[in-house]
Amino acid sequence: MSSTESPRGPVDSSRVPRYAGPATFARLPRLDEVGRADVAVVGVPFDSGVSYRPGARFGGNAIREASRLLRPYNPAQDASPFALAQVADAGDIAANPFNINEAVETVEAAADDLLNTGARLMTLGGDHTIALPLLRSAAKKHGPVALLHFDAHLDTWDTYFGAEYTHGTPFRRAVEEGILDTSALSHVGTRGPLYGKQDLTDDEKMGFGIVTSADVMRRGVDEIADQLRQRIGDRPLYISIDIDVLDPAHAPGTGTPEAGGLTSRELLEILRGLSSCHLVSADLVEVAPAYDHAEITSVAASHTAYELTTIMSRQIAAAKADKEAK
């Protein structure tokens, strides 16, 4: 697709039933069908970094299957994201399930290739290990990025069983590597027991601010979104979402559930409140469909990815309009 052509959108659900045809994200075209994309939705079926229940390697395809229900107009953001920018499904990055270090390198190289085309990434995991190589790629393009990390857990631990790359360590590694803007780091939705108070002390030293799930409940989504916007400012922003930020009532299909989480409505409303932030890429991880029922988790995840995609598409369209006006 050339830069002057109109984006190719999803299959028309009034002509082809939603349950028919290939299960690309939101029934969008594949990347090889359109040639290029402004936003590439890419899967990483990898879960060798988990510390409890496995199964997130099947998360990307579960999210794609649930996304058949998505429609092309997003009333909450008053936008038709797939008409504003070319969004395409880039398939999966095949990472070695038996060698975490090699898998991390593979994901980083594949993300580099996609970002170098000019696309922004909406990555579907997979476990949270993959956030590190994705952040490395984003930082190569934008410099150290602001990070919003939605999760029940901190994911800033040092090692598990001596392994430096796991789903509980990506953001410590990212801070150590200098790829994050440490003046603009936030966890959102954290809760539950920790190994010790030192976990919080170490996390604070790395530069993270914490908005707990109880903070969201007490203060409300509008106030939380405003706080996050002020912390982020105009910095390039990467958003990483572990689906276990949601309460198990809203996301039972995940590997390390914790009671007392966000509702899906709270998560979606906070994201909508961040639409003015410069979102350069995002990931959504830890959907483990074997523990799901009635697609509760994957439906919530598909809508979350839809909101993130809408934000990116709106910003891409606005940037193009500004460029044309000059």
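Definitions and limits used
Residues numbered from 1 in each chain as written. Predicted model: local features only at pLDDT ≥ 70, side-chain atom pairs only at ≥ 80, totals over all residues. Heavy atoms only, no water. Phe/Tyr/Trp six-rings, centres within 6.5 Å; stacked < 30°, edge-to-face > 60°. Helix = DSSP H or I, 4+ residues; strand = E, 2+ residues; numbered from the N terminus. Buried < 20%, exposed > 50% of the residue type's maximum accessible area, 1.4 Å probe, protein only. Contact = heavy atoms within 4.5 Å. Salt bridge = Lys/Arg side-chain N within 4 Å of Asp/Glu carboxyl O. Pairing = 2+ DSSP bridges. Axes fitted to C-alpha atoms, helices over the stretch in contact; angles between N-to-C directions. Parallel < 35°, antiparallel > 145°, perpendicular 65-115°, else oblique. Left-handed = near helix turned anticlockwise from the far one by under 90°. Nonpolar A, V, L, I, M, F, W, Y, C, P; charged D, E, K, R; others polar.

Side note on the packing of aromatic side chains
Inference 1: Considering all chains together, one arrives at 2 aromatic pairs under this definition.
Inference 2: Their ring planes at 55° and their centres at 6.0 Å tell us that Phe82 and Tyr306 sit as a pair that is tilted. Here Phe82, found in helix α3 (residues 81-84), pairs with Tyr306, found in helix α11 (residues 296-325); they are 224 residues apart in sequence, far enough to count as distant.
Inference 3: A relative accessible area of 4% means that Phe82 is categorised as buried.
Inference 4: Look at Tyr306 and you get buried, because its relative accessible area is 5%.
Inference 5: When the centroid spacing of 5.7 Å and the interplanar angle of 85° are considered together, the rings of Trp157 and Tyr195 count as edge-to-face.

A short note on the environment of Ala88
Inference 1: The residue Ala88 is located in strand β2 (residues 87-92) in this model.
Inference 2: Sequence separation between Ala88 and Thr166 is 78 residues; the distance between their C-alpha atoms is 29 Å.
Inference 3: Not counting residues within four places of it along the chain, the set of residues in contact with Ala88 comprises Pro29, Arg30, Leu31, Val34, Ala37, Val39, Ala40 and Val41.

A short note on the pattern of salt bridges
Inference 1: This model, assessed by the stated rule, comprises 22 salt bridges.
Inference 2: With its nearest N and O atoms 2.9 Å apart, the salt bridge here joins Arg30 to Asp32.
Inference 3: According to the relative accessible area criterion, Arg30 is partly exposed, its value standing at 39%.
Inference 4: Taking the shortest distance from any N to any O, the salt bridge between Arg136 and Glu108 comes out at 3.2 Å. Of this pair, Arg136 sits in helix α5 (residues 131-142) while Glu108 sits in helix α4 (residues 100-115); the two residues are 28 residues apart in sequence, bridging distant segments of the chain. This pair shows no difference in class: Arg136 is buried, exactly as Glu108 is.
Inference 5: By sharing partners, the salt bridges in this structure join Glu108, Asp112, Arg136, Lys140 and Glu177 into a single network.

Section: the sheet that holds strand β5 (residues 180-190)
Inference 1: The strand order β2-β1-β3-β8-β7-β4-β5-β6 describes an open sheet built from 8 strands, whose pairing is parallel. What marks the edges here is a single partner per strand, and that holds for β2 and β6 (208-212). Averaged over all pairs of adjacent strands, the angle between strand axes in this sheet comes to 15°, irrespective of strand direction.
Inference 2: Bridge count for strand β4 (residues 145-150) against strand β7 (residues 236-242) is 5 bridges, and the pairing is parallel. By the bridge assignment, Ala146 is partnered in β7 with Leu237.

Notes on the packing of helix α9 (residues 221-232) against helix α10 (residues 264-272)
Any two packed helices are characterised by how steeply their axes cross, that is the angle between the axes, and by the distance between the axes.
Inference 1: Relative to each other, α9 and α10 sit at 40°, their axes nearing to 9 Å. When the axis of α9 is compared with that of α10, the two are oblique. For the pair α9 and α10, the sense of crossing is right-handed. Listed contacts from α10 to Val221, Ile224, Ala225 and Leu228 of α9 are Glu266, Glu269 and Ile270.
Inference 2: Taken together, the residues that form the contact of α9 with α10 break down as 5 nonpolar, no polar and 2 charged.

Considerations on unusual backbone geometry
Inference 1: In this structure, the amide linkage connecting Gly125 to the following residue, Gly126, adopts the cis form with an omega of 10°.
Inference 2: Looking at the secondary structure, you find Gly126 in the loop between β3 (120-125) and α5.
Inference 3: With a phi angle near 60°, Arg27 is a residue other than glycine that sits in the positive phi range.
Inference 4: Its place among the elements puts Arg27 in the segment before α1 (31-34).
Inference 5: What makes Arg27 buried here is its relative accessible area of 4%.
Inference 6: Phi angles above zero are rare outside glycine, and Phe161 is one such case at about 55°.
Inference 7: Relative to the helices and strands, Phe161 is located in the loop between β4 and α6 (170-176).
Inference 8: Its relative accessible area of 88% is what places Phe161 among the exposed residues.

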